[in-house]
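Coordinate analysis (summary)
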Amino acid sequence: MRQGSLVRAPGRHRATGASASRGRRPAWLGAVVLTVLAVLVPLWLWQARPFDSRHGFGVDSPPAGIGAAQAPLGAPPTMPGGTGGYTFMRMQANGTDPVAYDPCRPIHFTTSTVGLPPSGDALVREAVATMSEASGLRFVDDGLTDEAPAPERDPYQPDRYGDRWAPVYIAFATPDQIPRLAGGTVGLGGSTPRAAGDGALVYVTGSVWLDAKAMDDLLAAGRRDSARAVVEHEIGHVLGLNHVSDGSQLMSLTGGAGAGPADGDRRGLAILGRGVCRPDL
Ligand SMILES: [Zn+2]
């Protein structure tokens, strides 16, 4: 009883004070709450990314045009003669143009330290240089990454790679890490397209997975040209080339003669180097 009255007295006192300030609250407290919400809600939307860009909200993509120049960075080589053919991994909806990278920005690539054999990164750089020269597309070496090989890869990883599309990822992997390497597959390669404003598809990043054991065996046997041809073939897939039946071409299932891209490969690569610049992605 005594306790109760002791509690009640300060309670009443506070209530009186609160009612005195109640009249002033809308004048400033509402504005403060609205200001805090105006800052926190967009921040939360940005962090949580609850919407998918395919539904039009664009929050799983970097800002458009990161690293994009006004004109193509390199000059695609003239189409070589010869008889070799080429095919493309994916065509635009018009059925005539292949899906390709944006030639107005460099293709960044990174090589995984996970499973990397001695001189593996040098082999990758040589293969990239050959395919860059044949396509006219500019590549930038982002160095080594500790990103581990996994079948599903997010094309946008701002925590690891900053506010841009993740670089093309090249790794020496095992079938345990990449199950599609099982059964004697020496390498895999491909790229991820995104739709520009008009619906045209543009590759934004890609992956190359090389079977670590098979590549080790080639290098141990002194077959460095064959090992490099495997990497070039997979980068061919990354740039947008598909297989051909002509065994003399790099993009044949057997990977050609180990002397780099042949005439058909080079014609296909020259077309892939003439993609349309897409600063809206
Ligand atoms: Zn292939």
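First things first, this report covers the structure right here in the doc.

On to the packing of helix α5 (residues 212-220) against helix α6 (residues 224-239), then. As a packed pair, α5 and α6 sit with axes 7 Å apart at the nearest point and diverge in direction by 150°. By the angle class used here, α5 and α6 are roughly antiparallel. Across the interface between the two elements, Met-215, Leu-218 and Leu-219 from α5 touch Arg-224, Ser-226, Ala-227, Val-230 and Val-231 from α6. Residue composition of the contact of α5 with α6, by class: 6 nonpolar, 1 polar and 1 charged.

What follows deals with the packing of aromatic side chains. In the structure shown here, the tally under the stated rule is 4 aromatic pairs. On the numbers, 6.2 Å between centres and 70° between planes, the contact of Phe-109 with Phe-139 is edge-to-face. Here the residue Phe-109 occupies a position in strand β3 (residues 107-112), and Phe-139 occupies one in strand β4 (residues 139-145), the gap between them amounting to 30 residues. Judged by relative accessible area, which is 4%, Phe-109 ranks as buried.

Let us look at the state of the cysteines. Inspection of every chain in the model, using the stated rule, returns 1 disulfide. Put simply, Cys-104 and Cys-277 are joined by a disulfide, and their sulfur atoms are 1.9 Å apart. Its torsion about the S-S bond being 70°, the disulfide of Cys-104 and Cys-277 is classed as right-handed. In this pair, Cys-104 is assigned in the loop between β2 (100-101) and β3 and Cys-277 in the segment after α7 (263-272), connecting sequence segments 173 residues apart.

Axis separation between helix α3 (residues 120-135) and α6 bottoms out at 9 Å; the angle between their running directions is 50°. Accordingly, the angle class assigned to the pair α3 and α6 is oblique. Crossing angle aside, the handedness with which α3 passes α6 is right-handed. Contacts between α3 and α6 involve Ala-122, Leu-123, Val-124, Glu-126, Ala-127, Val-128, Thr-130, Met-131 and Ser-135 from the first element and Arg-224, Ala-227, Arg-228, Val-231, Glu-232, Ile-235, Gly-236 and Leu-239 from the second. The class makeup of the residues in the contact of α3 with α6 is 10 nonpolar, 3 polar and 4 charged.

Taken as a whole, this structure holds 1 cavity of 30 Å³ or more when the rule is applied. Taken as a whole, the largest cavity encloses approximately 40 Å³ of empty space. Lining of the largest cavity is provided by Ile-107, Phe-109, Val-128, Phe-139, Val-168, Ile-170, Ile-235 and Val-238. Those elements that provide at least two residues to the lining of the largest cavity are β3, β5 (168-173) and α6. Grouping the constituent residues of the lining of the largest cavity by class yields 8 nonpolar, no polar and no charged.

This part takes up the nonpolar core. Counting 37 residues, the largest nonpolar core has Phe-139, Ile-170, Leu-210, Met-215, Val-231, Ile-235 and Leu-239 as the members making the most contacts within it. Those elements that place two or more of their residues in this core are β2, β3, α3, β5, β7 (201-211), α5, α6 and α7. Ranked by residues supplied to this core, first place goes to α6 with 7 residues. Aside from chain neighbours lying at most four places away, what touches Met-215 is Leu-123, Phe-172, Val-186, Leu-210, Ala-227, Val-230 and Val-231. Judged by nonpolar contacts, the second largest core, of 7 residues, contains Tyr-169, Ala-171, Leu-181 and Trp-209.

Thresholds applied
- Residues numbered from 1 in each chain as written.
- Predicted model: local features only at pLDDT ≥ 70, side-chain atom pairs only at ≥ 80, totals over all residues.
- Heavy atoms only, no water.
- Axes fitted to C-alpha atoms, helices over the stretch in contact; angles between N-to-C directions.
- Helix = DSSP H or I, 4+ residues; strand = E, 2+ residues; numbered from the N terminus.
- Parallel < 35°, antiparallel > 145°, perpendicular 65-115°, else oblique.
- Contact = heavy atoms within 4.5 Å.
- Nonpolar A, V, L, I, M, F, W, Y, C, P; charged D, E, K, R; others polar.
- Phe/Tyr/Trp six-rings, centres within 6.5 Å; stacked < 30°, edge-to-face > 60°.
- Buried < 20%, exposed > 50% of the residue type's maximum accessible area, 1.4 Å probe, protein only.
- Disulfide = S-S within 2.5 Å.
- Left-handed = near helix turned anticlockwise from the far one by under 90°.
- 1 Å grid on protein atoms, 1.4 Å probe; cavity = no way out; pocket = protein on both sides within 12 Å on 5 of 7 lines; lining within 4 Å.
- Points joined across faces, edges and corners; volume = space filled by probe spheres on them.
- Core = buried A, V, L, I, M, F, W, Y, C linked by side-chain atoms within 4.5 Å.

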